[in-house]
Amino acid sequence: MRVVSGIQPTGNLHLGNYLGAIRNWVRMQDAAQQGTQCVFFIVDLHAISMPHDPAELRSGVRDMAAALVACGIDPERSILFNQAQVPAHAELQWLLNGTARMGWLNRMTQFKDKSGKNREGASVALFTYPILQAADVLLYQATHVPVGDDQKQHLELARDIAQKFNNDFCPEDAPIFTLPDPIMPPQAARIMSLRDGSAKMSKSDPSDMSRINLTDDADTIMKKVKKAKTDPEPLPETAKELEGRAEALNLVTIYSALAGKSADEVLKDFAGEGFGKFKPALGELMVETLSPISARYVELREDDEALDAILAKGALKARSLAAPTLSAAYQALGLSRG
Ligand code: TYM
């Protein structure tokens, strides 16, 4: 079993990332049996697909390294690094560019969403982004990829690329690439914005009130939850009755993910109550979960050298783990390297 996943270095970690993905990274790391390797990286190479500030990117990588360690990623047990230190990611992407089809990339919703009306002005990197993501997981023979629901399409593409490469260039009994499976948390695969129940909670939302950042203090969290958009109806008895009430459903989903209960169980405690009672309870639960993480983050973020050392050590391990698959891919394509 090989657990592999990545996260963007842009901006702070938010509750959507945490409940949708990072908490699963930590759980899978902690449950890992001997022989299971967990590989987690900060995708700084992906970050240049959008306009960016180099100094912000540099510090964003350290921010994210500190945040991941604060959440419970243990660099002694898991391999933790930033992509730019492992050239095999970019190399394998180029090799896979020959296998990926234009039609497949044309169907990717992220490019459509992020390029918007300015398709012609979007970077080529934004278009080929999913091929780098495929390289990220195929390079390490990932079997399990813990992600939120929004990454499902990218993972399907990685499987398609792996399958076509294996079919085109490998003997039937000796495929090079493993087909990765996405692992999504059943309760929290998609955490929505606090301001709009139809948009996912995201770092790129211009309103900070739309998300809970892992570094928000208790007062900010309580304020954001109290101001979260809701409706005037009381809470029902079952989750099914929340249909058509996207904002209410989102808050109940967050509560259930934090409390480790099903939405129906949560509603048993709050049925008939209004949000005036529910929101403070939800806020408290968030503060309880996030305050130890945020305290640890502040401590870790003070020491750039220690963070750089963690990433450098992780990159060293990643480079050797990646080498055999990269060599096999070069060889299968008939590319000689001396
Ligand atoms: P990124 O940085 O946008 O998000 C990191 C992880 O957080 C999850 N996530 C969410 N889950 C639930 N609700 C939300 N509102 C929410 N927002 C974010 C994402 O699904 C993701 O798991 N393309 C990827 C990074 C990447 C990657 C990879 C992931 C690059 N290479 C290889 C896995 C494997 C991204 O931009 O994630």
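Residues numbered from 1 in each chain as written. Predicted model: local features only at pLDDT ≥ 70, side-chain atom pairs only at ≥ 80, totals over all residues. Heavy atoms only, no water.

Enquirer: What exactly am I supposed to notice about unusual backbone geometry here?
Expert: Leaving glycine aside, a negative phi is the common case for residues, and trans is the common case for peptide bonds. The phi dihedral of glutamine 141 falls on the positive side, at around 55°, and the residue is not glycine. Considering the arrangement of structural elements, one finds glutamine 141 in the loop between helix H7 (124-138) and strand E4 (144-146). (Helix = DSSP H or I, 4+ residues; strand = E, 2+ residues; numbered from the N terminus.)

Enquirer: For this particular structure, what's the right way to read the domain arrangement of the protein chain?
Expert: By a frequent convention, interface size equals the accessible area lost on bringing the separate parts together. Domain assignment breaks the protein chain into domain 1 (2-189 + 303-332) and domain 2 (208-300). A straight line from the C-alpha centre of domain 1 to that of domain 2 covers 30 Å. Contacts between the two partners involve 17 residues from domain 1 and, on the opposite side, 20 residues from domain 2. Here domain 1 and domain 2 share an interface that buries about 1,500 Å² over both sides, 66% of which is from carbon and sulfur atoms. Together, Leu15, Ala70 and Gln187 form the three largest contributors to the area buried by domain 1 at its contact with domain 2, with a combined 38%. Connecting domain 1 to domain 2 are 0 salt bridges. (Domains from an automatic or database assignment. Contact = heavy atoms within 4.5 Å. Buried area = accessible area lost by both parts, 1.4 Å probe. Salt bridge = Lys/Arg side-chain N within 4 Å of Asp/Glu carboxyl O.)

Enquirer: What should I look at first to understand the site of the ligand in this one?
Expert: Taken together, 27 residues are adjacent to the ligand, and Tyr129, Gln133, Asp136, Asp150 and Ile191 come closest. Contact distances for the ligand include 2.8 Å between an oxygen atom and a backbone N or O atom of glycine 148. Relative to its unbound accessible area of 710 Å², the ligand is 96% covered by the protein chains. When contributions to the shell around the ligand are tallied by element, the ones reaching two or more residues are strand E1 (2-7), helix H1 (15-31) and H7. By residue class, the composition of the shell around the ligand is 11 nonpolar, 11 polar and 5 charged. (Near = heavy atom within 4 Å. Polar contact = N/O pair within 3.5 Å; in protein donor to acceptor, adjacent residues only side chain to side chain. Areas by Shrake-Rupley, 256 points an atom, 1.4 Å probe, with all protein chains shown as cover. Nonpolar A, V, L, I, M, F, W, Y, C, P; charged D, E, K, R; others polar.)

Enquirer: Honestly, the environment of arginine 101 in this entry has me stumped. Any pointers?
Expert: Structurally, the position occupied by arginine 101 is in the loop between helix H4 (88-97) and helix H5 (102-106). The exposure class assigned to arginine 101 is partly exposed, which follows from its relative accessible area of 37%. For the pair formed by arginine 101 and isoleucine 161, sequence separation is 60 residues and the distance between their alpha carbons is 8.7 Å. (Buried < 20%, exposed > 50% of the residue type's maximum accessible area, 1.4 Å probe, protein only.)

Enquirer: For this particular structure, what's the right way to read the nonpolar core?
Expert: In globular proteins that are soluble, nonpolar side chains generally tend to be buried together. In this structure, Leu19, Ile22, Leu68, Ile254, Phe278, Leu282 and Met286 are the most contacted members of the largest nonpolar core, which totals 61 residues. Lining this core are residues from two domains, each supplying at least three of them: domain 1 (2-189 + 303-332) and domain 2 (208-300). Membership of the second largest hydrophobic core comes to 43 residues, among which are Val86, Leu105, Ala134 and Ala318. (Core = buried A, V, L, I, M, F, W, Y, C linked by side-chain atoms within 4.5 Å.)

Enquirer: For this particular structure, what's the right way to read the packing of aromatic side chains?
Expert: A ring pair, where both rings are aromatic, is described by two values, the distance of the centres and the angle of the planes. Taken as a whole and judged by the stated rule, the model has 11 aromatic pairs. A centroid spacing of 5.1 Å and a plane angle of 55° characterise the contact between phenylalanine 165 and phenylalanine 169, whose relative ring orientation is tilted. Here phenylalanine 169 and phenylalanine 165 lie together in helix H8 (residues 152-169), a separation of 4 residues that amounts to about one turn. Look at phenylalanine 165 and you get buried, because its relative accessible area is 0%. Looking at phenylalanine 169, the relative accessible area reads 35%, which means it is partly exposed. Taken together through their ring pairs, the aromatic side chains of Tyr255, Phe270, Phe275 and Phe278 make up a single cluster. (Phe/Tyr/Trp six-rings, centres within 6.5 Å; stacked < 30°, edge-to-face > 60°.)

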